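Structural features, examined
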Amino acid sequence: MKTITLELDFLIGPIVKNVYSVSRNKLVTGVDVIDNSHSINELNDKISSLYSSFYDFDSGDESCRFNIKLAKEHKDELLRLINDLLLMLQNVNDGTFEIVNNINLDW
């Protein structure tokens, strides 16, 4: 059984894609029902963009930092989107994968 891990990081996730597809020329999950779902991938990208928007870039010595104040302002929206994604994944789960949710929003 394949494990689908959910994590949040800058420009990555929440669905961790760790299989390189030569035919698609990109990283995928290796689970066709997820990789072929436009709605799941669209929501995944939306969550990734929102979470990544919480990072500030400074022209000084710091490359980037997490803006906790901004993240807290959008926490409810982010949580709603993550719950929607979890529901979508559960609805398409045909028993070939398990979901491990490593998302922590304790800021």
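Quick note: structure is the one above.
Quick summary incoming for the structure in this document.

The next point concerns the overall build of the protein chain. Looking only at helices and strands, one finds four helices and six strands in the protein chain. Projected onto its principal axes, the C-alpha coordinates of the protein chain cover approximately 45 × 30 × 20 Å. Considering the protein chain as a whole, with its 107 residues, one finds that 33% of them fall into the buried category. In the protein chain, 61% of the contacts between residues at least 6 apart in sequence involve partners at least 24 apart. Per element, the accessible surface of the protein chain, about 6600 Å² overall, is 48% carbon and sulfur. Counting 10 positive and 17 negative side-chain charges, the protein chain places the averaged centre of each group 2 Å from the other.

Once that is clear, we can look at the nonpolar core. One finds Leu-8, Ile-15, Ile-34, Ile-47, Leu-78 and Ile-82 to be the most contacted residues of the largest nonpolar core, which totals 23 residues. Only strand E1 (2-6), helix H2 (38-52) and helix H4 (75-92) provide two or more residues apiece to this core. The leading source of residues in this core is H4, at six residues. If near-sequence neighbours (up to four positions away) are discounted, Leu-8 is found in contact with Pro-14, Ile-47, Tyr-51, Leu-78, Ile-82, Ile-103 and Leu-105.

Reading the values: rules and limits
- Residues numbered from 1 in each chain as written.
- Predicted model: local features only at pLDDT ≥ 70, side-chain atom pairs only at ≥ 80, totals over all residues.
- Heavy atoms only, no water.
- Helix = DSSP H or I, 4+ residues; strand = E, 2+ residues; numbered from the N terminus.
- Buried < 20%, exposed > 50% of the residue type's maximum accessible area, 1.4 Å probe, protein only.
- Contact = heavy atoms within 4.5 Å.
- Areas by Shrake-Rupley, 256 points an atom, 1.4 Å probe, with all protein chains shown as cover.
- Lys, Arg positive; Asp, Glu negative; His and termini not counted.
- Charge placed at Lys NZ, Arg CZ, Asp CG, Glu CD.
- Core = buried A, V, L, I, M, F, W, Y, C linked by side-chain atoms within 4.5 Å.

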